[in-house]
Amino acid sequence: MDKTHILSILVENESGVLTRVAGLFSARGFNIDSISVAKTLEKNESKIIITTSGDSYILEQITKQLNRLINVIKVQELTDEDSVVRQTVLVKVNADETTRADVFRIKDIFNGRIIDVSKNSYTLEVTGSEKKIESLIDVLKPMGIKDIVKAGTIAMPRSKKSS
Amino acid sequence: MKTETKRNEVQQAAGQRQSTSYAKKELMTGSRIIIESLIREGVDTIFGYPGGAVLNIYDELLNYKDKIRHILVRHEQGAAHAADGYSRASGKIGVALVTSGPGATNTITGIATAFMDSIPMVILTGQVPTNLIGNDAFQEADTVGITRPCTKHNYLVKDIKDLAKTIKEAFYIASTGRPGPVLIDIPKDITSSVTEFEYPADVELKGYNPTYFGHHVQISRMVNEILKAQRPLFYIGGGVILSNAGTELKEVAELLDIPVTSTLMGLGGFPSEHPLFFGMLGMHGTYPANMAISNADFIIAVGARFDDRVTGKVEEFGRDARFAHIDIDPSSIGKNVKIDIPVVGDVKSVLNSMLEMLNGKNKEIESGRYERLKWLEEINAWKYEHPLSYKMTDVIKPQFVIEKIYELTGGDAIICTEVGQSQMWTAQFYKFKNPRTLLTSGGLGTMGYGFPAAIGAQVARPDKTVFDIAGDGSIQMNIQELGTAVQFNLPVKIAIINNNFLGMIRQWQELFYDKRYSFSEMNVNPDFVKLAEAYGAVGLRATKPEEVEGVIKKALSVKKPVIMDFVVAREESVYPMVAPGAPITGMLLV
Ligand SMILES: Cc1ncc(C[n+]2csc(CCOP(=O)(O)OP(=O)(O)O)c2C)c(N)n1
């Protein structure tokens with residue numbers, strides 16, 4: 001069964017490493033649903049978070065093929081249960097006299113911030129799980145979304161609870 | 001006061017260390033660094049072709065004439081295939097050197113060929129100077145971008161300080177783990193600038209750490225299952241040859257009387273005339289090999305990768321069997337067929353561990369022997385039911401030529417092939433005795449591979465007779481290398497199985513397209529005898545069966561490159577044949 005998987009890929013920060021990873025996905029016919037890349041604190045290392053979908057066979061193939069790349073140091077699958085997963089979204093939404101108050105309320109409910117204001121629009125910044133972002137969009141849609149930008153998912157394993 | 005002196009001593013010692021290591025470091029140009037590094041990697045042969053971006057390197061090569069032999073090819077594809085053939089024949093790393101742009105793009109087919117068959121190679125390409133990269137400069141191509149999907153790894157050297165380290169890493173990556181081609185792209189300014197040369201002793205690669213030793217538990221599960229199996233079978237591939245594991249494989253197979261079948265790439269990994277060997281399996285596999293796969297109860301895949309030309313309809317492959325798979329590349333295991341016992345590791349090392357475990361299990365070994373011998377008998381019955389065969393007529397049959405080449409070389413030659421029918425007949429009718437004696441493009445199926453590969457093999461093994469068995473189509477893809485063979489006195493023997501057709505294409509059109517021979521006839525071929533002579537090689541021709549032996553003997557007796565033009569039956573087909581995607585038991589027989 002196809003499922004969404006989050007892969008955390010630690011790579012050496014060589015030039016072209018992102019192309020190698022992305023190229024592998026396209027060459028082998030795997031899809032990338034979202035991708036986010038940034039340096040880690042370690043000198044010369046970056047972390048790539050990729051969300052992809054496929055059954056467990058595909059996931060195993062992706063992991064094995066990624067590990068073949070010389071610049072890939074470690075590949076880890078992160079699951080919703082044992083990791084924290086976040087998306088960030090910027091939404092520019094219609095906000096005139098009649099809807100401004102609603103937008104404000106929604107922002108509070110979703111723990112967001114208003115980061116830009118104009119005469120008839122507000123831009124909201126909200127971070128949360130994928131589900132939360134989806135419901136935010138559902139709620140805002142009727143008011144008229146003018147523009148939307150989502151960042152790739154980021155995730156990290158939860159700390160082990162001592163018990 | 002005391003601490004003060006102490007510190008001085010330490011400083012002095014450090015100073016001394018520094019000055020001695022300074023004395024070791026010599027200022028060198030990038031070009032010299034490249035060549036000095038190659039020498040430290042044990043390289044004594046380069047296949048190459050000059051051009052603007054590598055002129056500095058070429059100029060320096062002249063100073064190293066006594067240490068490095070440079071073979072000037074006639075086309076850069078030839079350089080890549082020759083380096084590949086050199087590697088396959090010797091087990092060493094083949095090296096090619098070409099210029100930027102068209103020089104680099106001309107090597108792509110050769111690199112992709114080596115990549116598919118896991119051949120260790122280092123390709124050095126020139127690049128435009130660093131300040132022009134990205135400018136669409138003259139003879140600029142994004143070589144690293146183009147070759148990324150067909151190399152094991154590649155580099156663009158942007159700083160001369162990284163040059164030696166990069167070369168060190170490239171040789172290490174090419175030859176370890178699952179081997180493969182590694183490319184280094186070197187801008188021209190790097191070859192002329194100067195730095196201190198020190199060749200690193202080690203490589204440090206955080207993300208690269210191949211597993212050599214198989215997991216003990218997995219190996220012992222595999223051994224136990226073999227001992228319990230009634231119809232075990234070895235399915236061997238190129239990994240046996242790459243890991244030089246022929247001896248160990250033979251020991252295990254003989255100890256347990258386990259029958260062996262091989263892929264095209266594995267031929268030579270087990271002696272073909274051995275009573276436990278039943279030939280190649282797959283699309284043009286032998287009847288006993290394909291029947292054995294389909295009736296085995298335990299299949300041990302050794303350095304093979306379940307290619308679709310081998311498995312046929314994959315769901316039916318080894319339909320009654322459980323599988324163990326020994327491979328150094330974890331991504332090969334479980335890719336096409338579900339594996340019950342995966343063993344990640346070097347084939348040779350894993351087979352050695354198996355032998356150790358089997359030592360002292362005499363009782364278990366003997367208790368299953370009767371069943372295994374019965375199984376062997378069954379396979380032998382298939383072999384006698386449908387042996388490889390062909391009908392002699394008064395025109396030359398291609399299979400007959402291959403048999404004669406085998407007979408007259410005593411199976412001791414290095415045989416390179418092109419691609420097509422002649423390749424398959426070679427796999428079927430030449431009985432390979434030793435590893436590294438069949439050089440063929442299995443994965444990519446590259447027409448034009450065989451002849452330049454034969455040149456590389458002959459350079460690596462001047463003591464050996466080297467053949468290229470070719471179709472009239474394939475040989476014309478790199479025929480220009482005759483010039484190379486003549487210039488460097490490489491007495492390669494080319495046997496053209498001349499049917500005036502792209503034979504394998506014709507065969508598929510006959511079987512699957514109602515004999516509609518769409519553009520597969522080669523109406524115009526050169527006179528290959530005259531062509532050979534024009535290059536200063538020797539040309540011979542046989543048009544009747546009784547001339548074949550004489551022509552081969554003559555070719556073997558001259559110390560020059562020879563083309564033998566065997567004018568053969570035009571519409572002969574390769575059998576057995578399994579239609580693509582059909583179960584491998586569905587063999588069309590002669
Ligand atoms: C570079 C390349 N182009 C096309 C093919 C497709 N192909 C496979 S076999 C074949 C015919 C080969 O003809 P020939 O070399 O005359 O050998 P024969 O089959 O007649 O023995 C062709 C065109 C290929 N394998 N490689």
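What counts and what doesn't
- Residues numbered from 1 in each chain as written.
- Chains lettered and ligands numbered in written order.
- Predicted model: local features only at pLDDT ≥ 70, side-chain atom pairs only at ≥ 80, totals over all residues.
- Heavy atoms only, no water.
- Helix = DSSP H or I, 4+ residues; strand = E, 2+ residues; numbered from the N terminus.
- Rg over C-alpha atoms; globule rule 2.2 N^0.38 Å.
- Contact = heavy atoms within 4.5 Å.
- Areas by Shrake-Rupley, 256 points an atom, 1.4 Å probe, with all protein chains shown as cover.
- Lys, Arg positive; Asp, Glu negative; His and termini not counted.
- Charge placed at Lys NZ, Arg CZ, Asp CG, Glu CD.
- Buried < 20%, exposed > 50% of the residue type's maximum accessible area, 1.4 Å probe, protein only.
- Core = buried A, V, L, I, M, F, W, Y, C linked by side-chain atoms within 4.5 Å.
- Arc of directions from axis to C-beta.
- Domains from an automatic or database assignment.
- Buried area = accessible area lost by both parts, 1.4 Å probe.
- Salt bridge = Lys/Arg side-chain N within 4 Å of Asp/Glu carboxyl O.
- Nonpolar A, V, L, I, M, F, W, Y, C, P; charged D, E, K, R; others polar.
- Pairing = 2+ DSSP bridges.
- Axes fitted to C-alpha atoms, helices over the stretch in contact; angles between N-to-C directions.
- Near = heavy atom within 4 Å.
- Polar contact = N/O pair within 3.5 Å; in protein donor to acceptor, adjacent residues only side chain to side chain.
- pLDDT = per-residue confidence, 0-100.
- Phe/Tyr/Trp six-rings, centres within 6.5 Å; stacked < 30°, edge-to-face > 60°.
- Lys NZ or Arg CZ within 6 Å of the ring centre and 35° of its normal.

### Overview of the overall build of chain B
When helices and strands are tallied, chain B shows 25 helices and 22 strands. Against the 2.2 N^0.38 benchmark of 25 Å for 590 residues, chain B shows a C-alpha radius of gyration of 26 Å, consistent with a compact globule. Principal-axis analysis of the C-alpha atoms gives chain B an extent of 90 × 65 × 45 Å. Taking contacts inside chain B between residues at least 6 apart in sequence as the whole, the part at least 24 apart equals 77%. For chain B, the exposed area adds up to about 23700 Å²; of that, 51% sits on carbon and sulfur atoms. Looking at charge distribution, chain B has the averaged site of its 61 positive side-chain charges lying 3 Å from that of its 67 negative ones.

### Comments concerning the overall build of chain A
A count of helical and extended segments in chain A gives 4 helices and 9 strands. Along the three orthogonal principal directions, the C-alpha set of chain A runs to about 55 × 45 × 35 Å. Each of the 163 residues in chain A was classed as buried or not, and the buried ones make up 39%. In chain A, 73% of the contacts between residues at least 6 apart in sequence involve partners at least 24 apart. In the structure as shown, chain A presents an accessible area of about 9600 Å², 51% of it carried by carbon and sulfur atoms. Mean positive and mean negative side-chain charge positions of chain A (24 and 22 charges, respectively) differ by 3 Å.

### Here's the deal with the nonpolar core
Ranked by internal contacts, the top residues of the largest apolar core, which has 100 residues, are Met 222, Phe 234, Tyr 235, Phe 317, Met 564 and Phe 566 of chain B. Considering each element in turn, this core owes the most residues, 7 residues, to helix α15 (residues 347–358) of chain B.

### Some thoughts on helix α1 (residues 17–27) of chain A
For α1 of chain A, the set of buried residues is Val 17, Arg 20, Val 21, Leu 24 and Phe 25 of chain A. Down the axis, α1 of chain A shows its buried residues gathered within 135 degrees of arc, on one side only. In α1 of chain A, the exposed positions that point more than 90 degrees away from the buried face belong to Ser 26 and Ala 27 of chain A. Where α1 of chain A is buried, its residues touch β1 (3–12), β3 (45–54), α2 (56–68) and β4 (72–78) of chain A together with β6 (153–156) of chain B.

### Digging into the domain arrangement of chain A
Residue and element names in this part refer to chain A. When its domains are assigned, chain A resolves into domain 1 (3–78) and domain 2 (84–157). Taking both partners together, domain 1 and domain 2 bury about 540 Å²; carbon and sulfur atoms supply 69% of that area. The interface formed by domain 1 and domain 2 holds 0 salt bridges in total. Counting only elements with at least two residues in the side of domain 1 that touches domain 2, the list comes to β2 (34–39), β3 and β4. Looking at which element gives the most residues to the side of domain 1 that touches domain 2, the answer is β2, with 3 residues. When grouped by side-chain class, the residues that make up the side of domain 1 that touches domain 2 number 4 nonpolar, 4 polar and no charged.

### Quick word on the pairing of strand β15 (residues 414–417) of chain B
Residues and elements named next belong to chain B. Residues Ile 414 and Cys 416 of β15 are buried on one face, and the alternating residues Ile 415 and Thr 417, pointing to the opposite face, are buried as well. Where β15 meets strand β17 (residues 466–471), 4 bridges bridge the pair, whose relative direction is parallel. Pairing of Thr 417 across the sheet is with Ile 469, part of β17. The sheet contact formed by β15 and strand β16 (residues 438–439) spans 2 bridges and is parallel. By the bridge assignment for β16, Ile 415 is matched with Leu 438.

### Digging into the sheet that holds strand β20 (residues 562–567) of chain B
Within a sheet, each strand pairs with its neighbour through backbone hydrogen bonds, oriented either parallel or antiparallel. All names here are of chain B. Strand order in the open sheet formed by 6 strands is β16-β15-β17-β18-β20-β19, with parallel pairing between adjacent strands. This sheet does not close on itself; its edge strands, each paired only once, are β16 and β19 (538–542). Sheet strands in contact with helix α25 (residues 545–557) are β17, β18 (493–498), β19 and β20, and its direction is about 165 degrees off that of β19.

### Describing unusual backbone geometry
Cis geometry marks the peptide bond from Tyr 575 of chain B to Pro 576 of chain B; its omega dihedral reads -5 degrees. Relative to the assigned elements, Pro 576 of chain B resides in the loop between β20 and β21 (577–578). Of note, Asn 44 of chain A is a non-glycine position whose phi angle comes to about 70 degrees, a positive value. Relative to the helices and strands, Asn 44 of chain A resides in the loop between β2 and β3. Even without glycine at this site, Asn 489 of chain B takes up a positive phi of about 50 degrees. Tracing the chain through its elements places Asn 489 of chain B in the loop between α22 (482–487) and β18. Given the relative accessible area of 61%, Asn 489 of chain B is considered exposed.

### Some thoughts on the site of the ligand
Residues and elements named next belong to chain B. Within the structure, the ligand sits among 17 residues, and Gln 421, Gly 445, Gly 473, Ser 474 and Gly 503 are positioned closest to it. Take Gly 473: an N or O atom from its main chain is 2.9 Å from an oxygen atom of the ligand. Here Gly 503 contributes a backbone N or O atom positioned 2.8 Å from an oxygen atom of the ligand. When isolated, the ligand has an accessible area of 590 Å², and the protein chains bury 77% of it. For the shell around the ligand, the elements supplying multiple residues, two or more each, are α19 (421–429), α21 (472–475) and α23 (503–512).

### Structural notes on the confidence of the model for chain B
Residues and elements named next belong to chain B. Summary statistics for chain B give a mean pLDDT of 95 and a share of 96% for residues scoring 70 or more. Note that residues 1–22 has pLDDT below 50 and, in this model, 1 contact with residues that lie over four places away or in other chains. Two numbers describe this predicted complex: its pTM, 0.94, and its ipTM, 0.90.

### Some details on the packing of aromatic side chains
All names here are of chain B. Taken as a whole and assessed by the stated rule, the structure comprises 17 aromatic pairs over all chains. The interplanar angle of 65 degrees and the centroid separation of 5.8 Å between the aromatic rings of Phe 47 and Tyr 86 together place this pair among those described as edge-to-face. Taken together, the residues Phe 47 in strand β2 (residues 45–48) and Tyr 86 in helix α4 (residues 76–90) connect sequence positions 39 residues apart. Phe 47 sits in the buried class, given a relative accessible area of 0%. Put simply, the rings of Tyr 235, Phe 306, Phe 317 and Phe 323 pair up and form one aromatic cluster. Note that Arg 506 overlies the ring of Phe 501, its terminal NZ or CZ placed 5.8 Å from the centroid.

### Quick notes on the pattern of salt bridges
All names here are of chain B. Applying the stated criterion to the full structure yields 36 salt bridges over all chains. Salt-bridge contacts for Arg 322 lead to Glu 225; the nearest nitrogen and oxygen are separated by 2.3 Å. Residue Arg 322 is located in strand β13 (residues 322–327), and its partner Glu 225 is located in helix α10 (residues 216–228); the two are separated by 97 residues in the primary sequence. Residue Arg 322 is classed as partly exposed on the basis of its relative accessible area of 36%. Take Glu 225: its relative accessible area is 18%, and that puts it in the buried class. Overlapping salt bridges bring together Glu 26, Arg 32, Glu 36 and Arg 40 as one network.

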